[in-house]
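Breakdown of the fold
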Amino acid sequence: SQTIHQWPATLVQPVGSPLSLECTVEGTSNPNLYWYRQAAGRGLQLLFYSVGIGQISSEVPQNLSASRPQDRQFILSSKKLLLSDSGFYLCAWSYTGNTIYFGEGSWLTVV
Amino acid sequence: QKEVEQNSGPLSVPEGAIASLNCTYSDRGSQSFFWYRQYSGKSPELIMSIYSNGDKEDGRFTAQLNKASQYVSLLIRDSQPSDSATYLCAVNGSPSGGGADGLTFGKGTHLIIQP
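A brief report on the enclosed structure follows.

1. A few points about the pairing of strand S9 (residues 87–94) of chain A
All names here are of chain A. A large share of S9 lies buried, amounting to eight of its eight residues. Examined bridge by bridge, strand S4 (residues 32–38) and S9 share seven bridges and lie antiparallel to one another. Note on S9: the bridge partner recorded for glutamine 38 is phenylalanine 88. Where S9 and strand S11 (residues 106–110) come together, three bridges link them in antiparallel fashion. Bridging from a neighbouring strand, tyrosine 89 pairs with serine 106 of S11. Bridge count for S9 against strand S10 (residues 101–102) is two bridges, and the pairing is antiparallel. For tryptophan 93, the partnering residue across the bridge sits in S10 and is tyrosine 101.

2. Focus: the state of the cysteines
All names here are of chain A. With the rule as written, the count across this model stands at two disulfides over all chains. With a sulfur-sulfur separation of 2.0 Å, cysteine 23 is cross-linked through a disulfide to cysteine 91. Where cysteine 23 bonds to cysteine 91 through sulfur, the torsion about that S-S bond is close to -70°, and the disulfide is left-handed. Note that cysteine 23 is positioned in strand S3 (residues 19–26) and cysteine 91 in strand S9, a separation of 68 residues in sequence. With a relative accessible area of 0%, cysteine 91 lands in the buried category.

3. As for the pattern of salt bridges
For the coordinates displayed, the defined rule picks out six salt bridges over all chains. Between arginine 68 of chain A and aspartate 71 of chain A there is a salt bridge, with the nearest N and O atoms lying 3.3 Å from each other. Residue class for arginine 68 of chain A comes out buried when judged on its relative accessible area of 3%. For lysine 2 of chain B, the salt bridge goes to aspartate 27 of chain B, with nearest N and O atoms at 3.5 Å. Of the two residues, lysine 2 of chain B is situated in the segment before strand S1 (4–5) and aspartate 27 of chain B in the loop between strand S3 (19–25) and strand S4 (33–38); the sequence distance between them amounts to 25 residues. Accessibility expressed as a relative area gives 31% for aspartate 27 of chain B, which makes it partly exposed.

4. Here we look at the sheet that holds S3 of chain B
Residues and elements named next belong to chain B. Sheet architecture is open: five strands sit in the order S1-S3-S8-S7-S6, paired in antiparallel fashion. On the outer flanks of this sheet lie S1 and strand S6 (54–58), each paired with one strand and no other. Judged from the two bridges that link them, S1 and S3 form a sheet pairing that is antiparallel. In the strand pairing of S3, glutamate 5 is matched with threonine 24.

5. Thoughts on the nonpolar core
Ranked by internal contacts, the top residues of the largest apolar core, which has 23 residues, are Trp35, Val72, Leu74, Ile76 and Tyr87 of chain B. Secondary-structure elements contributing two or more residues to this core are S3, S4, strand S5 (45–50), strand S7 (61–66), strand S8 (71–76), strand S9 (85–92) and strand S11 (109–114) of chain B. What isoleucine 76 of chain B contacts, discounting residues up to four positions off in sequence, is Ala17, Ile18, Ala19, Leu21, Arg60, Phe61, Asp83, Tyr87 and Leu111 of chain B. Grouped together as the second largest cluster of nonpolar side chains are 20 residues, Ile4, Leu19, Leu21 and Cys23 of chain A included.

6. A few points about the sheet that holds strand S7 (residues 65–70) of chain A
All names here are of chain A. What the four strands build is an open sheet, ordered S1-S3-S8-S7; its pairing is antiparallel. Among the strands making up the open sheet, the edge pair consists of strand S1 (3–7) and S7. The average undirected angle you get between the axes of adjacent strands in this sheet is 20°. Bridge count for S1 against S3 is five bridges, and the pairing is antiparallel. Within S3, the position partnered with histidine 5 by the bridge is threonine 24.

7. A word on the interface of chain B and chain A
Bring the parts together and some accessible area is lost; that lost area is often taken as the interface size. Listed per partner, the contact involves 22 residues of chain B and 24 residues of chain A. In this assembly, chain B packs against chain A so that about 1,600 Å² is buried in total across both faces, 55% of it on carbon and sulfur atoms. In terms of surface lost to chain A, no three residues of chain B exceed Ser43, Asp101 and Phe105 of chain B, which account for 29% of the buried area on that side. Remark: the boundary between chain B and chain A carries zero salt bridges. Where chain B touches chain A, the interface holds four residue pairs in polar contact (both at pLDDT 80 or more). Only S4, S9 and strand S10 (103–105) of chain B provide two or more residues apiece to the side of chain B that touches chain A. Per-element accounting of the side of chain B that touches chain A gives the leading share, three residues, to S4 of chain B. Residue composition of the side of chain B that touches chain A, grouped by class: 10 nonpolar, nine polar and three charged.

Scoring rules and cut-offs
- Residues numbered from 1 in each chain as written.
- Chains lettered and ligands numbered in written order.
- Predicted model: local features only at pLDDT ≥ 70, side-chain atom pairs only at ≥ 80, totals over all residues.
- Heavy atoms only, no water.
- Buried < 20%, exposed > 50% of the residue type's maximum accessible area, 1.4 Å probe, protein only.
- Helix = DSSP H or I, 4+ residues; strand = E, 2+ residues; numbered from the N terminus.
- Pairing = 2+ DSSP bridges.
- Disulfide = S-S within 2.5 Å.
- Salt bridge = Lys/Arg side-chain N within 4 Å of Asp/Glu carboxyl O.
- Core = buried A, V, L, I, M, F, W, Y, C linked by side-chain atoms within 4.5 Å.
- Contact = heavy atoms within 4.5 Å.
- Axes fitted to C-alpha atoms, helices over the stretch in contact; angles between N-to-C directions.
- Buried area = accessible area lost by both parts, 1.4 Å probe.
- Polar contact = N/O pair within 3.5 Å; in protein donor to acceptor, adjacent residues only side chain to side chain.
- Nonpolar A, V, L, I, M, F, W, Y, C, P; charged D, E, K, R; others polar.

Right, here's the structure in full:
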């Protein structure tokens, strides 16, 4: 069966510091991968998606970037965090772009 | 811009009753529809998917789809306190509608089952 792992689970970072969240999927090959963010009082916002190694598409302009160095690895990064980057970050995968399965999520607080 | 609308609630339902959750969507071309459950502080988990007009039943859950009215609903029969959570409605495609993969989510309805 397929599993998705995401880390770290929680982190508190000062404004202006860098960020790296990592996600790996097991039990499947060539999945579609996604990064979503859920901010307080807001819905799930699609940030990035990837259909293959090195292929990244951004849904919204922002302070973040994503990379996919390996087939089942997806990384979310920032060079300098803003207060507005705080939220619950979710990595997800799918086969066809339809049904999406989420990882455990990472809580980011920027102080 | 693709949009999915849900009443944020809270929706309070007595234990054992039927909980009815509703969702409307803006893109008439949407083909796939999903309900996710999210407990506080946790990631969303898939409950049901529906692709055709009508009802689809899975245990205590029934999803209903009406594409003409652009309306999706979720019924939970014999509601239990463990059903208390936020329920997210989602449709296929990215919010920008630019052909990207992924789902567009509503903000969710907070459901409270009262013992």
